[in-house]
Amino acid sequence: MFLLSAGLLLGPITGILNPDALLGDLLFPIVSVAVSIILFEGSLTLRRSELAATGAVLWRLLSIGVCVTWGATATAAHFLVGLSWPMAILLGAILVVTGPTVISPMLRSVRPSSQVAQLLRWEGIVIDPLGAVLAIVVFDLVFVGHSDRPVLETLQSLGLIAVSGGLGGALAGYLWGLVLRNDQLPDYLRNPATLLVVVAVFALCESLAHESGLLAVTVMGVWLANMREVWIEEVLDFKEALTVLLVSGLFILLAARLDLSALLSVGMPALALLIAVQFLSRPLQILSATWPAELSWGERGVLAWIAPRGIVAAAIASLFSLRLEELGVPQAELLVPLTFAIIIGTVLWQGFTAPAVARLLGVQQPEPRGILFVGSNRAVQAIAGKLKDHDFEVTVADSVWDNIRAARMAGLRTYYGNPLSRHAEHHLDLSGLGHLFAMSRRYDTNTLACVRYGGEFGRANVYSLPTHLAMGDSDKHAAAEHLRGQWLFSEQMSVAKLNSLLSQGQVLSVTRLSETFEFDDFKAQNPDAHALLAWSDARRLRINVARRAFEPQPGEQLLYLGPSRSESHGDSEDDAAPA
């Protein structure tokens, strides 16, 4: 919404930005290439293993569901807006797409169940090239009605799109996967070379069959994502950053081209079409695609609620509108304002209401505030146990069987294996987890774990505990913070010291701070205690980090390590029993 608003402000409202004058004939080639990069980045996240539970539903969404959406939207556009049947059918084809540019950020906000999230993500990425191809076919049929081009030629074009996009993308994915797997490029060239190849594949397939480029780069991305022994994480990180810039630029450019008078002229009919798209075509699509799949009615409800239109619909509508206006097709000028009305309406309405709907239907997952512990020594078991007692999700991961067995006996969720292994990528359950505490006795394992899970949880949410105090004394002997995360607890704490204190009889305790018993009061009464972390009643963690201020607030509960006879006078406190 911010980007669309910025485009409207810079374009039709103030006239500062005129994309057509700025870029001329390069405007839509640039838009097409940018969309292809966005789709390639999205397709890199699609794993074949995810289809085990959602495959049948997904294929019905992309076949029966698309037809239902197309038909319902076209019918609504004809009767509610007054479009001719050819124009209504074309608009319906354009609006079958949802798109990763709006789905991905919405999923981060809504946090639906994993099955719903996978369906929406797969649908949003795969439907874009399929929707573009469908729109091309419909456009050609409308074009046939205004020229001498035979229908057989249109069908041949469709077959060429499928062959060029499908086979071309698969071949490009396989060949580039071999290059990456065999390390035939230096590391510093992997990202720019991949970007170059994606643009080249898009351009080559487009030259063979118009609009096959989007299909080709999507197939190429899916192939690379599922090719064995191909490391794409660095490529994916680079493409994610690039996608943010491209999405921002595209929304601003295309919104700046919008004719406000045309948008306002569609007024109530556009609102009626939006209501039909939101409450008629999408629910019918989900009902037809998920019956009788084993989805709860709550999951069906969330799927039916979330289908925002994005940049691909805007780009296709803008392109077709120009071509149809050149042909003198009646009502062609309504294509862009109606499409933008649906984009703005679905993003605005669903963006604000989808989290509440998911929560109301019981499909929203809790905010990930749990902790993944790397290492399973006594200190890890003690801290993880205290957090579990206070309703935090915790998982202990380690390759030391004796320690893992003890953690299991204590009722902790565990992963027996190397958390850095390929097996962990597919079997380590991270649901509900949002932080990493790397506390193993191996410094290199801690550092690598922070690198590995920094992208999963965010760099600000990975922490490590030095194995010995010497590690914290000098930056000369420690890995850089962006690699090993923030130092846990304090500069005077290490894995060895923490375990030693527990062995000497010190215990972990929890006390609640209040207006009459603040953190300064706690420190004054417990000078030998080591404050570790605190949390609010909403389970928001506040972690004591070396070289940074730690200031728990009244009402929060404080976890600390101290002598077994230490006394705290907070409002409530755990029994000071040995951990």
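Anything mentioned here points back to the structure above.
Here, residues in each chain are numbered from 1, in the same order as that chain's written sequence. Local features in this predicted model are restricted to residues whose pLDDT is 70 or higher, and side-chain atom pairs enter the listing and the counts only when it is 80 or higher, whereas totals over whole chains, interfaces and linings include all residues. Excluded from the side-chain calculation are hydrogens and water; included are all heavy atoms of the structure.

K.L.:
Can you help me understand the overall build of the protein in this one?
P.N.:
Each helix corresponds to a stretch of at least 4 residues labelled H or I by DSSP, and each strand to a stretch of at least 2 residues labelled E; elements are numbered beginning at the N terminus. Along the backbone of the protein there are 23 helices and 10 strands. Over its C-alpha atoms, taken along the principal directions, the protein stretches across nearly 95 × 55 × 50 Å. Three exposure classes are used, based on accessible area relative to the maximum for each residue type with a 1.4 Å probe and protein chains only: buried under 20%, partly exposed in between, and exposed over 50%. Going through the 579 residues of the protein one by one, you find that 54% of them count as buried. Only heavy atoms matter for contacts: two residues are in contact if any of them lie within 4.5 Å across the pair. Considering only contacts in the protein between residues 6 or more positions apart, those separated by 24 or more positions represent 75%. Surface summary for the protein: the accessible area is close to 25,300 Å², and the carbon and sulfur share equals 60%. In the protein, which carries 40 positive and 51 negative side-chain charges, the distance between the mean positions of the two groups comes to 6 Å. All accessible areas in this document rest on Shrake-Rupley with a 1.4 Å probe, and a residue is counted as covered only by the protein chains that are shown. Under the convention used here, Asp and Glu are negative, Lys and Arg are positive, and both His and the chain ends fall outside the count. In plain terms, the charge of a residue is placed at NZ if it is Lys, CZ if Arg, CG if Asp and CD if Glu.

K.L.:
Looking at this structure, how should I read the packing of helix α3 (residues 27-43) against helix α14 (residues 311-327)?
P.N.:
Geometry of a packed helix pair, given as the angle between the helix axes and the separation of the axes. Interaxial distance between α3 and α14 falls to 11 Å at its minimum, and their mutual angle equals 155°. By the criterion of interaxial angle, the relationship of α3 to α14 is roughly antiparallel. As α3 runs across α14, the sense of the crossing is left-handed. Within the contact between the two elements, α3 uses F28, V31 and V35 and α14 uses I311, V312, A315, S318, L319 and L322. Note on geometry: axes are lines fitted to C-alpha atoms, helical ones only across the stretch in contact, with angles between N-to-C directions running from 0 to 180 degrees. The scheme is simple: roughly parallel for angles under 35 degrees, roughly antiparallel for over 145, roughly perpendicular for 65 to 115, oblique for anything else. Handedness of a crossing follows from how the near helix is turned relative to the far one, being left-handed for an anticlockwise turn of less than a right angle and right-handed for a clockwise one.

K.L.:
I keep staring at α3 and nothing clicks. Help me out?
P.N.:
Here α3 contains 17 residues, and its C-alpha end-to-end distance of 25 Å stays within 8% of the 24 Å for a straight helix at 1.5 Å per residue. Counting buried positions over the 17 residues of α3 gives 13, a clear majority of the element. One fewer than the residue count of a helix, multiplied by 1.5 Å, yields its expected span.

K.L.:
Can you walk me through a nonpolar patch on the surface in this structure?
P.N.:
Residues form patches when they are more than 30% accessible in relative terms and have no salt bridge. Like charges link within 9 Å. Nonpolar side chains (Val, Leu, Ile, Met, Phe, Trp, Tyr) link within 5 Å. Salt bridges are defined as contacts in which a side-chain nitrogen from Lys or Arg sits within 4 Å of a carboxyl oxygen from Asp or Glu. A contiguous nonpolar patch, built from M268, L271, I275, F279 and W349 and spanning about 520 Å² of accessible area, is present on the exposed surface. The element contributing the most residues to the nonpolar patch is helix α12 (residues 260-290), with 4 residues. Among the secondary structure elements, F279 is positioned in helix α12. Note on F279: relative accessible area 45%, which makes it partly exposed.

K.L.:
Is there a simple way to explain the sheet that holds strand β2 (residues 394-398) in this structure?
P.N.:
Strand pairing in a sheet relies on backbone hydrogen bonds. The paired strands run either parallel or antiparallel. Any two strands with at least two DSSP bridges between them are considered paired. With parallel pairing, the 6 strands of this open sheet are ordered in space as β3-β2-β1-β4-β5-β6. Each edge of the sheet is formed by a strand with only one pairing partner; in this case those strands are β3 (413-416) and β6 (486-487). Across 4 bridges, the pairing between strand β1 (residues 370-374) and β2 is parallel. Bridge pairing in β2 links V374 to A397. Against the sheet, helix α17 (residues 401-409) engages β2 and β3, with an angle of about 160° to β3.

K.L.:
Sorry, what's going on with the environment of V137 here?
P.N.:
Turning to its location among the elements, V137 is positioned in helix α7 (residues 114-144). A C-alpha to C-alpha distance of 27 Å links V137 and A272, two positions 135 residues apart in sequence.

K.L.:
I keep staring at the sheet that holds strand β8 (residues 530-535) and nothing clicks. Help me out?
P.N.:
An order of β7-β10-β8-β9 is seen for the 4 strands of this open sheet, with the pairing classed as antiparallel. Strands at the two margins of the open sheet, each flanked by one partner only, are β7 (507-512) and β9 (541-543). Sheet twist, expressed as the average angle between the axes of neighbouring strands with direction ignored, equals 25°. Pairing of β7 with strand β10 (residues 557-562) involves 6 bridges; the strand directions are antiparallel. Opposite V507, over in β10, you have G562 as the bridge partner.

K.L.:
I keep staring at the pattern of salt bridges and nothing clicks. Help me out?
P.N.:
It is possible for side chains of opposite charge to pair when their charged atoms get near one another. If you walk through the whole model with that rule in mind, you get 9 salt bridges. For E556, the salt bridge is made with R542, and the minimal N-O distance between the two is 2.8 Å. With E556 in the loop between β9 and β10 and R542 in strand β9, the pair connects residues that are 14 residues apart, well separated along the chain. Judged by relative accessible area, R542 falls into the partly exposed class, the value being 29%.

From the geometry alone we can't say anything about function, so treat these as descriptive.
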